[in-house]
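# Summary of the model geometry
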Amino acid sequence: MEWIPVLGLNIQLHLDGLAYLFALLILGIGLLIILYARYYLSERDSMSRFYAYLMLFMVAMLGIVLSNNLIQLWFFWELTSISSFLLISFWSYRSDARKGARMALTITGAGGLALLGALLLIGHVTGTYQLDEVLGMSDVVHESGYYYVILVLFLLGAFTKSAQFPFHFWLPHAMAAPTPVSAYLHSATMVKAGIFLMARFFPLLADTDAWFIVVSLTGMATLLVGAYTALFKHDLKGLLAYSTISHLGLITLLLGLGSELAAIAAVFHVINHAIFKASLFMAAGIIDHESGTRDMRKLNGLWKYMPVTATLAMVAAASMAGVPLLNGFLSKEMMFAETLNQYTLGALSWWIPLLATVGGALSVAYSLRFMHDVFFNGEPIGLTKTPHEPPRYMRVPVEVLVVLCLVVGIFPQFVIGDLLNAASSAVLQTELPEFHLHIWHGFNVPLAMSAVAITVGSFLYIKRKHLFNFQGQFNDIDAKMIFEGVVQDIVQKAGVLYRWFDSDSLQRAMFLMLLLSLAMVSYPLLTMASVEGTRPQIPTNWVVTFCTGLLIISTLLTVWWSHLRLRALLALSVVGLVVSITFAYFSAPDLALTQLSVEVVTILLFLLALFFLPQHSPVIDSPLRVIVRDLGVATLFGSVVGTICYAMLTRPLESISDFFLENSKSGGGGTNVVNVILVDFRGFDTLGEITVLGIAALGIYKLLLRITLAMPTANSDGVPWSRESHPVLLALVSQSLLPLALLVSAYIFLRGHNMPGGGFIAGLITAIALIQQYVAHGVEWMKQRMPINYQALIASGLCIAILSGVGSWVFGFNFLKTWYDYFYLPGIGKFELASAMVFDLGVYLTVIGATLLILANLGKMTTSERLRLRGGKE
Amino acid sequence: MEFSFALGVGFLTGAGVFLMLRGQTFPVILGLTLLSYAVNLFLFASGRLVINGAAILGTTDTYSDPLPQALVLTAIVIGFAMTAFVIILAIRARTDMGNDQVDGREASLTTDELVERKHRKENKR
């Protein structure tokens, strides 16, 4: 099924032997857990929430094993991390549950990111994200040069999920979860996801020395650390958690040995471990539930109180220890046999079977401890309630699993042979070597190893007092403290970094941003061969030189005078003027007209604003060091931008504008291509732009609405402002100029489609003409004569523009499609009418409305009307 | 001629950047205005320089590129709206915060002076 086909993301499911095996485990044990949890949860717990999380997890886990798409697989992978987080923190009122959940999520989530990296690289190298295709491309991956990166990232993902040393520490803390969760997620299924992944990608990645050494040594370390630590745990679940780690290490070790039989043994042990460990966890949960504690120093002699549970738990524990006739024995024998058949460490390869035997012995010791300490060894100490057998159906899941232990242990080939065959061939993707599951292989070395392990393990347990004393000399390393410390440290460092970037100072932030963009822009320039391109240049003349000089001088003066505000404005207006001339000179009359009129409005606005801003600025506003630094950055920036500009100007142009030039007359009905682009080709952009204009004006209106401005009455030297506000001469002249100005703007507007002009420019001219009246006569005078609501003007302009676009729908055209035709009127002659003109009218009105709304509102603040308003209030 | 144009753009940019890094609002607004000139000219330059080639059909043989011109035209108008907005924001900030620093803090004042000033204000009330 296609999901995001562009990215090669499809939802694909794929069921082979391995997936089938895991699906069986997930669903089978899941079913038992569901039954068990029904009795385990107390009435205070939200049953529905628990089951919702559990089902979510189940779906996610099934998703992992059934995915045939790498990204889809990763998605479900992360989903298991999240549902595991939710389940661990199910008793969210407990601080250890919250912390454990957070730790598990952090570790497995980080691993998930690494895995994503690995999967993306695999997809990049092989060109497909489809699992079954990828698995056959082992050579491609090996030769790509990315192999080691992929391997490291991949193993990080698998090891964190499957709690391999040194990432194992999250698993014991995840035991804060309700026991059904521990039984299901943290022993039988989720922690096996890493194993599953290694098995799944076994044919792709696992035939190099790097894989053998890293995986087998990690597995071995995990096996030993887990088994050793398990021996000293007083908490039942703690013991089981570390034993889980140790068994996961064992499976990893098998996968790392690289031989085919070892891989088969690994798959076999996955099944066996899931069966006996889930039943052990459930038994531990029953003990906890019925006796109120999991502390093995208090729990003793439970045999008398719950004989059936005790029998079941002991059978499972014996399987864990690897006692003959039980399933654990079989896979352990296979493991011992395979450790003898490997040459990973060269001449020192005999270390591995030796260490494996040590691990086996430790595992016998902690299994014995589980059996003897809990069910025998005297009487319970300080229990709050008398232990008893659990409800009938709470025990059923344990019974089922223990029976499975026995059946698999006694009739392995009959019960599990086919499943194992199918799963193993899916792992190896080749023909399976001959192998037989028997309980009795005759007297051989593996059997001897088992015997040694059991003997030494029993001995260790009997002499445990000495061991405990020995271990007691060392301080326990609390992984949680270290982890929390690291997290705190990272948070603190992040805080320092953040404060360094964002120190409340806008200037500093701006400075950093400029530096960054400078670096990004300059880098490509450094690699450019030459600044100058091949385009023929226009020879310069004295006018251009003069204008450039004027521009530079007035720019510098603007900076120099920036503390003398009025003079800075004068210099700035000269800059604006030169810019307009530049536009005019280089064949852009529309731009020149627009720039000129905007210039007028801007300077007027600045002048008004000066009234309200402080009249004085310090000549030097910051330390000299800062000024020099800023000057440096500004110079660099200017030079870089100038260089880019020059490089661009001297290179040939490939433009899409030929289309506009060709179709302007025939399609848009106008000869002024710039205007036709604005109102026709790119009309939708223009609509957006006038909307922005309107919004800006309304925003300003709102900002000025409830402002209390300080009204200066004198300049900085104490000379009072002139009270004579409206000179008569100005009033007379401007009043008589108004009709003329309006006529000009109408002319500019009408001719805009064919000659320089149009709605923007005409709107600005009209606005300037009206502003002049404001300046000459004052707000009140204007208000009486022109009672126009500028907000309404903006709105109507926008409406007209939109309607002109919508109108073309009526005729079955696209939005904003232009229609035009020619008409004859007696006396005037032939003229053209285009629907684009209506759109331009909208632009015209919006521009007038916005400009006047801004200026008139600010202007109003300075006038007597405002004083009267304030007076009225007081 | 291209060189002169680029030189002008460079100077405008540099001056704009320098003023933008100042602490007071007025120079910052001046800087923004200069920078928007520079940006507009730069955008315009992406159509290259053509003399006597206004994009009015039928008036000349070689036309200048009309597309950057259309873009710059709207950019000028929007630039005006933005400048206006920033100016009003500066005025508003001055009345609300009592100074005309871009980040609302007076650079020359130490924390003690600010605290003292605050006390004085409260006492007045």
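These numbers were taken from a predicted model, which means no experiment stands behind them. (Residues numbered from 1 in each chain as written. Chains lettered and ligands numbered in written order. Predicted model: local features only at pLDDT ≥ 70, side-chain atom pairs only at ≥ 80, totals over all residues. Heavy atoms only, no water.)

### Observations concerning the overall build of chain B
Rule in force here: Counting from the N terminus, the helices are the DSSP runs of H or I reaching at least four residues and the strands are the DSSP runs of E reaching at least two. In this description, contact between two residues means that some pair of their heavy atoms is separated by no more than 4.5 Å. Where accessible areas are quoted, they stem from the Shrake-Rupley method and a 1.4 Å probe; at the residue level, only the protein chains shown are allowed to cover.
Counting its regular elements, chain B contains four helices and zero strands. Long-range contacts, defined as pairs at least 24 residues apart, comprise 47% of the intrachain contacts of chain B with a sequence gap of at least 6. Accessible area for chain B stands at about 5200 Å²; split by element, carbon and sulfur atoms hold 58% of it.

### So, the overall build of chain A
Test applied: The globule rule used for comparison is 2.2 Å times the number of residues to the exponent 0.38, while the radius of gyration itself is calculated over C-alpha atoms. Think of it in three bands: residues with accessible area under 20% of the maximum for their type are buried, residues over 50% are exposed, and the middle band is partly exposed, with areas taken using a 1.4 Å probe on protein chains only.
Looking only at helices and strands, one finds 36 helices and four strands in chain A. The C-alpha radius of gyration of chain A comes to 41 Å, more than 25% above the 29 Å expected for a compact globule of 874 residues. Based on the C-alpha atoms only, the size of chain A along its principal axes is roughly 120 × 65 × 60 Å. Relative to its 874 residues, chain A shows a buried fraction of 53%. Excluding contacts between residues fewer than 6 apart, the proportion of contacts in chain A whose partners are at least 24 apart in sequence is 78%.

### Some details on the domain arrangement of chain A
Using the following cut-off: Per the annotation, domain bounds derive from an automatic or database assignment of domains.
Domain boundaries assigned for chain A yield domain 1 (2-482), domain 2 (546-617) and domain 3 (672-874). A straight line from the C-alpha centre of domain 1 of chain A to that of domain 2 of chain A covers 75 Å.

### So, the nonpolar core
All names here are of chain A. Put simply, the rule is: In plain words, nonpolar cores are sets of buried Ala, Val, Leu, Ile, Met, Phe, Trp, Tyr and Cys residues tied together by side-chain atoms within 4.5 Å.
In this structure, F154, W170, M198, F201, L205 and W211 are the most contacted members of the largest nonpolar core, which totals 175 residues. No other element matches helix 14 (residues 260-291), which puts 20 residues into this core. The next biggest cluster of nonpolar side chains, apart from the first, holds 123 residues, and it includes L661, I748, L764 and V843.

### Examining a nonpolar patch on the surface
Residue and element names in this part refer to chain A. Counted only if it meets this: Each patch is built from residues lacking any salt bridge and having more than 30% relative accessible area; the joining distance is 9 Å for like charges and 5 Å for nonpolar side chains (Val, Leu, Ile, Met, Phe, Trp, Tyr). Here, a salt bridge means any Lys or Arg side-chain nitrogen found within 4 Å of an Asp or Glu carboxyl oxygen.
Nonpolar side chains collect at one region of the surface, where L325, L406, I410, F411, F414, V415, I439, W440 and F443 lie side by side and expose about 960 Å² of accessible area between them. Those elements that place two or more of their residues in the nonpolar patch are helix 18 (392-410) and helix 19 (412-428). By secondary structure assignment, the location of V415 is in helix 19. Accessibility expressed as a relative area gives 32% for V415, which makes it partly exposed.

### Some remarks on unusual backbone geometry
Residue and element names in this part refer to chain A. With an omega dihedral of 5°, the bond running from F165 to P166 counts as a cis peptide bond. Secondary-structure assignment places P166 in the loop between helix 7 (147-161) and helix 8 (170-173). One non-glycine residue with positive phi stands out, namely S587, at about 60°. Assignment of secondary structure puts S587 in the loop between helix 25 (565-585) and helix 26 (589-612). For S587, a relative accessible area of 5% translates into the label buried.

### Section: the packing of helix 23 (residues 506-526) of chain A against helix 27 (residues 624-649) of chain A
When two helices pack together, their arrangement is given by the angle between the helix axes and by the axis-to-axis distance. Residue and element names in this part refer to chain A. Let me state the cut-off plainly: Fitted lines through C-alpha atoms give the axes, limited to the stretch in contact for helices. The angle between two N-to-C directions lies from 0 to 180 degrees. For any helix crossing, the convention is left-handed if the near helix is rotated counterclockwise from the far helix by under a right angle, and right-handed if that rotation is clockwise. Three residue categories are used. Nonpolar comprises Ala, Val, Leu, Ile, Met, Phe, Trp, Tyr, Cys and Pro, charged comprises Asp, Glu, Lys and Arg, and polar comprises the others, including Gly.
Orientation of helix 23 relative to helix 27, taken along the N-to-C sense of each, is 35°, at an axis distance of 10 Å. The interaxial crossing formed by helix 23 with helix 27 has left-handed handedness. Seen from helix 23, the contacting residues are F511, L514, L515, S517, L518, V521, S522 and L525; seen from helix 27, they are R629, D630, V633, L636, F637, V640, T643 and I644. Classifying every residue of the contact of helix 23 with helix 27 by side-chain character gives eleven nonpolar, three polar and two charged.

### Observations regarding the pattern of salt bridges
All names here are of chain A. Enumeration over the complete set of coordinates arrives at 16 salt bridges over all chains. The residue D288 makes a salt bridge to R294 at a minimum N-O spacing of 3.7 Å. For D288, a relative accessible area of 16% gives the class buried. One salt-bridge network, held together by shared partners, links E389, R392, R395 and E399.

### Topic: the interface of chain A and chain B
It is common to give the size of an interface as the accessible area that goes away when the parts come together. Basically, it comes down to this: Two parts placed together each lose some accessible area; with a 1.4 Å probe, that loss summed over both constitutes the buried area. Two N or O atoms form a polar contact when they lie within 3.5 Å of each other; inside protein one atom must be a possible hydrogen donor and the other a possible acceptor, and for residues adjacent in sequence the pair counts only when both atoms belong to side chains.
The partner chain B presents 78 residues to the 109 residues of chain A that form the contact. Between chain A and chain B, the buried area comes to about 8600 Å², and carbon and sulfur atoms account for 78% of it. For the interface between chain A and chain B, the tally reads one salt bridge. Between D630(A) and R22(B) there is a salt bridge, with its nearest N and O atoms 2.2 Å apart. Here chain A is connected to chain B by 18 residue pairs in polar contact (both at pLDDT 80 or more). Here the residues of the side of chain A that touches chain B sort into 65 nonpolar, 32 polar and twelve charged.

### So, the side chain of D288(A)
Here D288(A) shows up in helix 14. In this structure, D288(A) is in contact with Y40(A), T293(A) and R294(A), ignoring residues within four places of it in sequence.

### Brief notes about the packing of helix 10 (residues 190-200) of chain A against helix 13 (residues 236-257) of chain A
All names here are of chain A. Which entries qualify depends on this criterion: What sets the label is the angle itself: under 35 degrees gives roughly parallel, over 145 gives roughly antiparallel, 65 to 115 gives roughly perpendicular, and the rest give oblique.
Where helix 10 meets helix 13, the closest approach of the two axes is 11 Å, and the angle between their N-to-C directions is 0°. Taken as axis vectors, helix 10 and helix 13 run roughly parallel relative to one another. Mapping the contact onto sequence places V191, K192, I195, M198 and A199 in helix 10 and T244, L248, I251, T252 and L255 in helix 13.

### Details of helix 22 (residues 479-501) of chain A
Residue and element names in this part refer to chain A. Our working definition: One fewer than the residue count of a helix, multiplied by 1.5 Å, yields its expected span.
A rise of 1.5 Å per residue sets the reference length of helix 22, with its 23 residues, at 33 Å; its end C-alpha atoms lie 33 Å apart and thus fit the reference within 8%. Three or more residues of helix 22 are buried, namely K480, F483, E484 and G495. On its buried face, helix 22 is in contact with helix 4 (95-126) and helix 8.

### Structural notes on empty space enclosed by the protein
Rule in force here: Using a 1 Å grid laid over the protein atoms alone, points where a 1.4 Å probe fits but cannot get out form a cavity; open sets with protein on both sides within 12 Å along at least 5 of 7 lines form a pocket; any residue with an atom within 4 Å of a point counts as lining. Grid points are joined across faces, edges and corners, and a volume is the space filled by probe spheres set on the points.
Under the criterion given, the structure shown has six cavities of 30 Å³ or more. Roughly 120 Å³ of volume is contained in the largest cavity. Only helix 26 of chain A together with helix 2 (25-45) and helix 3 (66-97) of chain B provide two or more residues apiece to the lining of the largest cavity. If you tally residues by element for the lining of the largest cavity, the top one is helix 3 of chain B, at five residues. In the lining of the largest cavity, the residues fall into five nonpolar, seven polar and one charged. Its volume calculated, the second largest cavity comes out at about 60 Å³. Grouping the amino acids of the lining of the second largest cavity by side-chain chemistry returns five nonpolar, three polar and one charged.

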